Each structure stands twice: as C-alpha cells, then as structure tokens.
Amino acid sequence: MKLRFEGHYAELMPGVQLLIKELGIDLQEDGLPVHIEPSEGELEVGLEQDKAYIRYGQKHQFFRGLGLLIQHSRKSSTFHVREKQQFDQIGPMFDLSRNAVLTLDGFKSMLNKMALMGMNTVMLYMEDTYEIEGEPYFGYMRGRYTHAELKEIDDYADQFGIEAFPSIQTLAHLEEFLKWEPIKHYRDTKGALLVGDERTDKLIEKMIDAASSPFRSRKLHIGMDEAEELGRGKYLDLNGYESRFNIMTSHLEKVLEVARSRGLKPMMWSDMFLKLASGNGDEYYDKDTSIPEEMASRIPKDVDMVYWDYVHLEAEDYERVIANHRPLGCNLVFAGAVWIFNTFGVNYGLSLNASDVALQVCKQQGIREVYATMWGDDGNEGNPFAALLGLQLYAEHAYSEQKPTQEQLAERVKFCTGIEAEAFMQLKDLDEIPGSEPNNSKQSNPSKFLLYQDVLLGMFDKQIEGLDLDSHYANLELQIHNKRDKDASLDYLFEVPEKLCAVLKLKSEIGITLKQAYDSKDNNKLRHIAMNELTAIAEAVRELRIAHRSQWLRMFKPFGWEVIDIRYGGVISRLDTASVRILDYVEGRIARIEELEQERLVYSTVNRFNHKGVGWCSYYYRMASPNVFFHVLNPF
C-alpha cells in the first residue's frame, strides 16, 4: 500500500520507518494522501474520497492510528474511527529475571507490536539483570543488560512514544544475587537484603543509579513485594526482634530519599502493607482488611502503590481490594496478568476473563495506569510473544469505554501480530485439559508437570487417571498444526507447542499404563513399553528440545537456556533408566521394580476430586522427583 503523508509528521518518521516492512507500506509521491495533525486528545482516523487523515493527541496514538488506517482500508474505501484513551498509561511488564532475558532484537520486535496496539509504556522487571559498576556478582552469568543495551531499548521505544522504565527490587526477591558467597554481607535471608546496614544503603544507591540512568523516564518501580522473611535472619541476630512494619517503613524511607534526590517518581508493589494490616500477616485479598490510621500516617504518600491481582473473576473482588487500598493515601496503579507463569502454554481462559473484569473496574474506579504482567516463574518455559492476544485485550480496553467484543479483539490481533486469535487460544488447551475447572480457573499446569514427571515414579498419575489425555494431546497437536501459517513471521511460536503435544500424546499416560502392566504381571506389555514406547517418547523429547532451543535463542539471550537443557536431559536419561529397569525385571535379573510397587497417591489437595483443577506444581524439582535435589541450611 502506497501512502503520502501531509501535515505534521516529521517527528513521527523514525518510528514509521521501523514499521514500514511490518505494515507492508511504501511512502511514495503518488500514494494515498494521509493528512496528519495533532488533536485535543482523541484519536481519529478516516478515509473518504481517496483522502485519509490521522488526528492524534499523543505520539503513541499516531502509530495505533496508522495501523487502524491500514487495517480498515483493506476492507472499506470509506470509514471513520474515533477513540478516546481510557488510561493515561497502558503496557506490559516483561519479566527479565527468571532466566529469559530478551535480546535487543527480541525486545524491538515486541515494541513494534506494542506500537501498533497503541500502548505507551513498558516496565522492565530486572531483579539483578542490569549492570552495576563495582558489583561484578550482580547478574553474573545471568544475561544482565549493559547500560548501552538498556539505552538502546529506551531509544527504540521512544520513537513510538513508548515510555520504558525499570522495575527493580530494593528489599526482597534477590535470591539470585544474594546466593554468592563473596557478597554475603548484603544478606539478611536467602532473598532479602540486610536492611539498616550501611553497606546495603550504598548498594541501593548504586542499584537506583544503574537502573534509572539509561532511561528518559523518571519513573522507577522499587519492588518491595512478598518480603515475608524480612528481619528474620541475620537482621534478627544483630538487632533482635523488630516488627516487619517498622523495618519496612524505615527502609522504604531510605530508598525514597535516594529516589527523590535523583528526581525519580517511585512506585512499589502494595501487598506487604495490606498483608501486615490483615491481622494474620499474609492475606493480601482479605475482605476484612482495614488500614489503621496509625499505619496509614507512617506510609509516605509520594510513592505510587501497585495493586496486583491475576485471578479474580468478579467485579466485587476488585472493588473491595481497591477500597482497601484507599486509606493508604497513595496514587493507585493496577497490574493484571497474562498467565504464562510455570507453563509451556498460556492460560487464556483465566487471563482474558479476569482481565476483562479488572480493566472495566479500573475504568469505573478512576485508575489511570495499568500494566499486564507476564511472569516467568521457575525457569520460563513459556514466552511473552505467546501472550500477545492478552496484550491486545489490554490495548483494546485502553481505547474503549466498554468491554471489547471478541470480533474486535480477533480482528485487531490478526492485524497487529499476523496470527489468528484462534491460534493463540489453542495454547490454553496445553493446560485446560479434560477434568480441569472451566477456563482453567484454578491454574493447573499439566503441560509442564506431565513432561517432567518421572515415568517410574508417576507422581501425578493419580491426578489424571481416566482423563484420556493421550487423545487430548494427539487432537491438539493436529489442531495446532492445521492452524499454523508458514507465511506469518510469528508462526515459529507454535513449533514448541506442537512438538510438546507430540511428546505428551505418548507420555502423559504412560506411567498409568506401565503400573497397570506391572501389577497384572503382563511382561509382554512391559517389554513392549521398554523397547518401543519409551524409545519413541525419548525421540519426541529430543525433537521438542531442538525446537525449544531454536525458539529460545531467537528471542532470548543464551544464559538460562542451560536450565531447560538440563531438564530435557533429565527426562531423556530417566526414560533410558526406566527401559533398563523394566528389561532387567522381565528378563529375570531383578525380582521386582520397587518404584512400581508403590501405591499412587494424589499429588496434593489441589486436584479434580475436590474441584480444584487437575493439579498445580510451582517447581520443576518437585515435578521430577519427591527426593532431595538440594537441602540448604547454610549454603556456604
């Protein structure tokens, strides 16, 4: 499509040039004239009598408008679109701390999609994955960004009017830094800093300077969430007992002093204050939580509070927790989620429904800043590109007073990403299996635990008895394959899910079959499993590993892949051992297979027998074995 810009467009051209190939446009003198001009805030896009216009209030709105122009012109020669942005800031938070650190090219590719969606901010969650001068162990071997790399990301985002800013941790969630012996003087507990120590105070100054200096933005997320262990380690030994609230407010004031002196605008996760006010000290969503006036008076008001909520499906739940925050007296920001946590798939059933409700409540409650988090817990088998349908939902909410329709969402995500909404939605069925709660509302993750569980130990076999998962994954493999579009630049995202289904159609129920054959003394079946079925599974795992490695290295830095590599190696090695053990048994070299003698129990109280889903496990090492992977009292 050929276009000719007229009017006020000079500052927009660097961003336009970055999107030309993606949009399939040429800027030519004989192109469709597009008049570009600033407006009072609303975004207006139209085409009539072979003339087009884009009127925008802010820079980022122009790029959404350009996409809308091209999208609508493909199906109509006359149209007028008017949108009013509902949030001042809307964008994703990328977890760059759980092994998967986006490469610069990967980050830029994501920013291109965000620009077409009309997003205007992006939060970079970096626990220790940024460089601090004089702290060589900070982010050591973790793919940390250099100052130059972060500046390049910021420069690229700015061309679209997207504000990039860092989200760091200045209290807890620093296990990957604090594990190193040479910096043990910073450690209170395994994940929390030793607050009140002069060396820690100096470290935090360096953290804030290193994280903020590459960015134009003056915003800084200082973290401080889930610090339940605060003051209960070395701090307790040195200072005796002190309430967590007192420790936290004292430390927060020191952090804010540093931020203020640099002209930064801080925000923090709000959960610790609500937990401390709940009475039992750990309930964030307690409906009876009330912030005492004494507590509220000691909390600084110049720090924004970020309320995170990823799971609730009723408006009343969000309204109640928002009301619980109001006595804090701080500006309130909301963070929802697109569930790529602890899974190979995306829990779109929960994510889209929870986000629909949450975002409508935010509009009604006057919350002006909203983020979509995409956490990468336990090694990050998933990836943020698979979550683009969820990000599109956030974008469409941001430009509509009402909930976007399914048709609107599907049309927009196809234009902005090149992938059909139905193709993205199939990723939910990696975990939304027979037996799960509707829309996988209990966050089951069988795509991960069925891959990693040991065939001889079968720890999750009781959870999935009778569900015919072999057929489920065989059908899903075919569906994913048939929905793929080799001409789409993001089609490669579906190679790993397709290969995973090829594994799980063979592996998901093999432990059940193996136990049944053993219990019935069917040696012919056991021999067939050992010589044929386990061999076929191992080959399918090898193919999955190769596909996953290719995908990882295409979007992430190499650091962290070794963890996934080792996990695949463990699966293959245990399949080999299982074959040896079974053949030793059927050929009389051993009298029994002790692992198969064991009764199979449900993994946990989270199971389909009490309507809590088909199972959830947060950690690979608990999926792979019930035995000790590591046991640390004193790591040194």
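For the structure, see preceding data.
Criteria and cut-off values
- Residues numbered from 1 in each chain as written.
- Predicted model: local features only at pLDDT ≥ 70, side-chain atom pairs only at ≥ 80, totals over all residues.
- Heavy atoms only, no water.
- 1 Å grid on protein atoms, 1.4 Å probe; cavity = no way out; pocket = protein on both sides within 12 Å on 5 of 7 lines; lining within 4 Å.
- Points joined across faces, edges and corners; volume = space filled by probe spheres on them.
- Nonpolar A, V, L, I, M, F, W, Y, C, P; charged D, E, K, R; others polar.
- Buried < 20%, exposed > 50% of the residue type's maximum accessible area, 1.4 Å probe, protein only.
- Helix = DSSP H or I, 4+ residues; strand = E, 2+ residues; numbered from the N terminus.
- Right-handed = clockwise from strand over helix to strand, strands pointing away.
- Pairing = 2+ DSSP bridges.
- Phe/Tyr/Trp six-rings, centres within 6.5 Å; stacked < 30°, edge-to-face > 60°.
- Axes fitted to C-alpha atoms, helices over the stretch in contact; angles between N-to-C directions.
- Parallel < 35°, antiparallel > 145°, perpendicular 65-115°, else oblique.

Undergrad: Which parts of the structure should I look at to understand empty space enclosed by the protein?
TA: Here the idea is plain: a probe the size of a water molecule rolls over the atoms and shows the empty space left. Taken as a whole and assessed by the stated rule, the structure comprises four cavities of 30 Å³ or more. Each pocket or cavity is described by its volume, and for the largest cavity that value is around 70 Å³. Taken together, Phe344, Glu381, Gly382, Asn383, Ala386, Leu427, Leu493, Val496, Pro497 and Gln551 make up the full set of residues lining the largest cavity. Split into classes, the residues belonging to the lining of the largest cavity amount to six nonpolar, three polar and one charged. Reported here for the second largest cavity is a volume of approximately 60 Å³. Taken together, Phe94, Asp95, Leu96, Ala100, Leu102, Ile340, Met374, Asn380, Pro384 and Phe556 make up the full set of residues lining the second largest cavity.

Undergrad: Would you mind showing me how to read the pairing of strand 13 (residues 332-337) here?
TA: It is a general feature of regular strands that their side chains alternate between the two faces of the sheet. Within strand 13, six of the six residues are buried, leaving the element largely enclosed by the surrounding structure. Of the two faces of strand 13, both are covered, the one formed by Leu332, Phe334 and Gly336 as well as the one formed by Val333, Ala335 and Ala337. Read as a crossover between parallel neighbours, the route from strand 12 (residues 304-308) over helix 11 (residues 315-325) to strand 13 is right-handed. With four bridges connecting them, strand 13 and strand 14 (residues 369-374) associate as parallel partners. What sits directly across from Phe334, in strand 14, is Val370. Traced from strand 13 through helix 12 (residues 348-365) to strand 14, the parallel crossover comes out right-handed.

Undergrad: How do you make sense of the layout of surface pockets when you look at a structure like this?
TA: What the second largest pocket holds in volume is close to 280 Å³. Together, 14 residues line the second largest pocket, and Asp105, Gly106, Lys108, Ser109 and Asn112 are the ones closest to its centre. For the lining of the second largest pocket, the secondary structure elements donating two or more residues are helix 3 (104-117) and helix 21 (523-555). Grouping the constituent residues of the lining of the second largest pocket by class yields five nonpolar, four polar and five charged.

Undergrad: Whenever I open this one, the packing of aromatic side chains confuses me. Can you help?
TA: Note on aromatic pairs: each is described by the distance of the centres and the angle between the planes. Using the criterion set out here, one finds 39 aromatic pairs in the structure. With 6.2 Å between their ring centres and 55° between their planes, Phe424 and Phe494 make a pair best called tilted. Of the two residues, Phe424 is situated in helix 15 (residues 421-425) and Phe494 in the loop between helix 18 (469-483) and helix 19 (495-507); the sequence distance between them amounts to 70 residues. Judged by relative accessible area, Phe424 falls into the buried class, the value being 0%. Since its relative accessible area comes to 3%, Phe494 is described here as buried. With 5.8 Å between their ring centres and 50° between their planes, Trp552 and Trp561 make a pair best called tilted.

Undergrad: Would you mind going over the packing of helix 21 against helix 22 (residues 561-586) with me for this structure?
TA: For any two helices packed against each other, one specifies the crossing angle of their axes together with the interaxial distance. Contact geometry of helix 21 with helix 22 gives a least axis separation of 9 Å together with a crossing angle of 170°. Of the possible angle classes, the one that applies to helix 21 and helix 22 is roughly antiparallel. Here the residues of the contact of helix 21 with helix 22 sort into 21 nonpolar, three polar and five charged.

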